[in-house]
Amino acid sequence: MVSTHWQHQIHLAQLSRQSSSPHHHARAAATLSRGGTQPSGLTLQDPASLLNGGQNGQSSPLTGSSLKLSGGRRLERPEGEGLERVQLEKQKDKRQDWAALDLGGQGIRNLNLALFNYHFLDKLYINHNRLTSLPGAVCKLGQLTILDVSGNLLTVLPPEIGLMKNLRMLLIIDNNLQSLPPEMGTLFRLEVLGIEGNPLPDSIKNLMAKEGTRGIIGDLRDNGPVPLPPAPRDWIVLEERESEKDNADEGVFSVVSYNILCDRYTGIYGYTPSWALQWDFRRESIKQEVVSYDADIMCLQEVDLATYEEFLLPNLSEKDYTGFHWPKSRAKTMSEAERRKVDGCAIFYKKSVFKLIDQQPVEFQHVAMNSTLLVPDKDSLKNYPDIFNRVATKDNIATVCFLEHQRTGNRLIAVNAHLDWAPTYGDVKLVQVGLLLGELQVMAEKFAKLPMPDDSPMKGQYTSGKKIPMVIGGDFNSTPDSGVYQLLSKGSVDGDHIDVQGYKYGKFTENGVSHPFGLKSSYANIGELSFTNCTPTFKDAIDYIWYSANSLTVAGLLGEPDKEYMSKVMGFPNAHFPSEYVDFLFCYSVQAINNYKSYFPTFSVPV
């Protein structure tokens with residue numbers, strides 16, 4: 001008995017063979033637009049029917065010739081949280097009035113590469129021609145949802161086809177294909193794959209008959225060869241140091257910051273091999289990654305309590321680290337078993353390099369409702385419903401460690417922050433970072449007043465909290481054109497900033513918000529990385545390390561990931577990158593503070 005999936009293949013092939021006349025799709029669309037009768041064969045309006053009307057009686061996502069995929073930022077995590085670190089995609093090019101191109105039935109033998117500059121296309125029909133090859137440049141048509149190359153003379157498909165992130169339907173019926181490229185396994189949105197009429201192995205045909213398109217894609221994804229790893233990232237030296245001995249004498253230290261991607265958030269990466277998403281695999285890769293930097297301070301985000309206590313702390317303690325972890329605020333309302341699954345922020349530091357003076361969490365929810373940073377008193381909160389309805393519904397946090405350098409006695413405030421992810425909550429992110437900086441001002445003043453121990457090599461006292469060197473690493477979920485970036489880099493944001501327009505957040509929107517720390521992004525001198533987060537729907541810089549520019553200078557930076565490697569990658573995580581973020585490393589040098597010069601080196605953060 002023929003399976004339902006293979007009946008679907010036969011049906012696709014029949015429709016395709018009836019669509020071999022010149023410009024069949026274009027002519028059919030014109031006929032329908034005039035109210036005529038739909039001709040036989042596939043038509044521009046027809047692909048929805050190939051999905052059997054969608055699931056549960058709902059319409060197919062492919063319905064209609066004017067299909068537009070959402071430019072929305074994230075897929076959804078459990079509990080309504082977003083997974084991909086994305087914003088609403090910026091549409092830099094004005095879309096054309098037409099988005100479908102029909103070159104079918106023309107006897108074409110070669111495609112002009114200029115065709116692949118039509119980036120606005122979402123449907124391309126080059127079926128029933130005489131093509132013997134499909135250029136890899138087809139991947140430049142990133143908006144394509146439907147590609148029909150049926151009825152040609154193709155013997156192979158280009159591996160670049162695996163980069164077509166929006167492809168929903170791929171028809172390769174009646175060619176001479178004997179295999180499918182494993183790169184097709186990353187086509188996580190593909191719903192219809194027509195393969196009938198090709199001399200493909202029985203294993204592929206049998207899998208199609210049994211599991212359909214998703215079975216084929218899953219098999220290619222999970223069982224394909226592992227690509228070669230990327231070349232090591234360059235280390236960009238901005239300040240020369242004479243010797244490693246000088247580094248030790250002057251108190252050089254390094255910091256790494258990295259969003260490790262909590263295990264419970266990995267269920268939506270359809271382009272990633274399932275084995276590469278398994279926690280046993282990822283955690284070893286993460287451990288190797290962070291340990292390889294041998295950083296003196298690590299800022300890690302999306303670390304749940306179980307991972308912190310059962311894996312990271314035991315393993316890193318063998319490398320001289322101890323740490324401080326705090327979960328998101330929701331953990332307070334949960335049972336112990338559920339609480340251990342809640343992610344938060346962790347700071348690790350080497351005990352031989354730093355001594356802990358104090359450590360504190362900053363829970364933005366709590367600060368918004370209980371401090372005077374937004375309103376003068378609690379009674380005033382009722383006048384600002386946006387605080388209740390937007391800020392107080394988000395349970396993001398930061399961790400703060402107040403450290404003293406063992407050799408020099410110099411003090412440092414190390415901060416690890418993770419802001420809300422949602423692209424439509426730029427106002428909340430700006431308020432969160434404003435609350436963080438307000439809390440840090442209070443904490444820093446208290447830290448500055450703590451007396452130095454009698455045996456401290458550092459003499460004198462800090463005159464104010466803003467004199468203490470500070471580094472702030474984390475996942476800010478904010479691009480360089482955001483209010484968050486402006487506040488951190490410029491020191492102030494007006495109350496009518498576009499990110500908070502239309503909202504009322506007390507003092508922040510009435511008077512603006514500012515801070516005295518003189519912060520600078522680590523990459524500011526050479527330009528931010530082109531991305532710190534990479535998924536099919538989003539690729540931009542949203543993670544940063546900020547430092548006190550009045551007391552620190554950047555000595556070195558970790559460069560971009562290998563461009564050749566990245567040109568072949570759909571997105572992270574993958575076999576070589578265990579998180580959707582890319583880590584980066586910074587090296588800082590402290591300028592004369594109390595007659596003491598030291599270097600504050602390297603951060604590694606997820607991109």
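Named according to an unreviewed UniProt entry, the protein chain is CCR4-Not complex 3'-5'-exoribonuclease subunit Ccr4 originating from Lipomyces tetrasporus. The UniProt entry for the protein chain carries the following text under Sequence similarities (unreviewed entry): "Belongs to the CCR4/nocturin family."

## Details of the overall build of the protein chain
When helices and strands are tallied, the protein chain shows 14 helices and 23 strands. Across the 607 residues in the protein chain, those meeting the buried criterion constitute 56%. Only carbon and sulfur atoms are counted for the fraction: they give 49% of the accessible area of the protein chain, which is about 25200 Å².

## Points about the nonpolar core
By size, the foremost hydrophobic cluster in this structure holds 53 residues, and its most contacted members are L374, I413, L437, L440, I472, F476 and Y505. Going through the elements one at a time, α9 (364–370), α10 (385–391), β12 (397–405), β13 (411–418), α11 (426–449), β14 (470–475), α12 (483–490) and β20 (543–548) are the ones with two or more residues in this core. Among the elements that line this core, the one with the most residues is α11, at twelve residues. Discounting chain neighbours no more than four positions away, the residues touching Y505 are L374, Y384, D386, I387, R390, V391, D427, V428, V431 and V500. Judged by nonpolar contacts, the second largest core, of 42 residues, contains V303, L412, L529 and V554.

## With respect to the pattern of salt bridges
Throughout the structure, instances matching the rule amount to 20 salt bridges. The closest approach of N and O atoms between E336 and R339, which form a salt bridge, is 3.8 Å. Here E336 and its partner R339 are both found in helix α8 (residues 336–339), three residues apart, which amounts to about one turn of the helix. For E336, a relative accessible area of 47% corresponds to the partly exposed category. A salt bridge links R340 to E336; its shortest N-O distance comes to 3.9 Å. Taken together, the salt bridges that share partners define one network made up of E309, E310, E336, R339 and R340.

## Quick notes on the confidence of the model for the protein chain
Per-residue confidence for the protein chain averages 86 on the pLDDT scale, and 83% of its residues sit at or above 70. The low-confidence segment residues 44–48 (pLDDT under 50) makes 21 contacts with residues lying over four places distant or belonging to another chain. In this model residues 52–93 is a low-confidence stretch, pLDDT under 50, and it forms 119 contacts with partners more than four residues away in sequence or in other chains.

## Re the sheet that holds β20
Read from one edge to the other, the open sheet built from six strands follows the order β11-β12-β13-β14-β20-β17, with strand pairing classed as mixed. Looking along the sheet, the strands with just one partner apiece sit at the ends: β11 (354–363) and β17 (519–521). Averaged over all adjacent pairs, the angle separating strand axes in this sheet is 20°, with direction ignored. Relative to β12, β11 is paired through nine bridges, and the arrangement is antiparallel. When the sheet's bridge partners are listed, L356 is paired in β12 with L403. Across the sheet, α11 touches β11, β12, β13, β14 and β17, and the angle it forms with β13 is around 160°. Here α12 sits on the sheet in contact with β17 and β20, set at roughly 20° to β20.

## Describing the packing of aromatic side chains
Inspection of the entire model under this criterion finds 16 aromatic pairs. Ring geometry for Y485 against W546: centres 5.0 Å apart, planes inclined by 65°, an arrangement best described as edge-to-face. Taken together, the residues Y485 in helix α12 and W546 in strand β20 connect sequence positions 61 residues apart. The class for W546 is buried, based on a relative accessible area of 0%. Look at Y565 and F577: their rings are 5.9 Å apart centre to centre, the planes differ by 40°, and that puts the pair in the tilted class. Taken together, the residues Y565 in helix α14 (residues 563–566) and F577 in the loop between α14 and β22 (584–593) connect sequence positions twelve residues apart. The class of F577 is buried, set by a relative accessible area of 10%. Through successive ring pairs, a cluster of aromatic residues spans F476, Y485, Y544 and W546. For the cation-ring pair, R390 lies above Y425, with the distance from its terminal atom to the ring centre recorded as 3.9 Å. Over the face of the ring belonging to F531 we find K539, whose NZ or CZ atom lies 4.8 Å from the ring centre.

What counts as what
Residues numbered from 1 in each chain as written. Predicted model: local features only at pLDDT ≥ 70, side-chain atom pairs only at ≥ 80, totals over all residues. Heavy atoms only, no water. UniProt positions renumbered as here; feature names shortened; annotations may be inferred. Helix = DSSP H or I, 4+ residues; strand = E, 2+ residues; numbered from the N terminus. Buried < 20%, exposed > 50% of the residue type's maximum accessible area, 1.4 Å probe, protein only. Areas by Shrake-Rupley, 256 points an atom, 1.4 Å probe, with all protein chains shown as cover. Core = buried A, V, L, I, M, F, W, Y, C linked by side-chain atoms within 4.5 Å. Contact = heavy atoms within 4.5 Å. Salt bridge = Lys/Arg side-chain N within 4 Å of Asp/Glu carboxyl O. pLDDT = per-residue confidence, 0-100. Pairing = 2+ DSSP bridges. Axes fitted to C-alpha atoms, helices over the stretch in contact; angles between N-to-C directions. Phe/Tyr/Trp six-rings, centres within 6.5 Å; stacked < 30°, edge-to-face > 60°. Lys NZ or Arg CZ within 6 Å of the ring centre and 35° of its normal.

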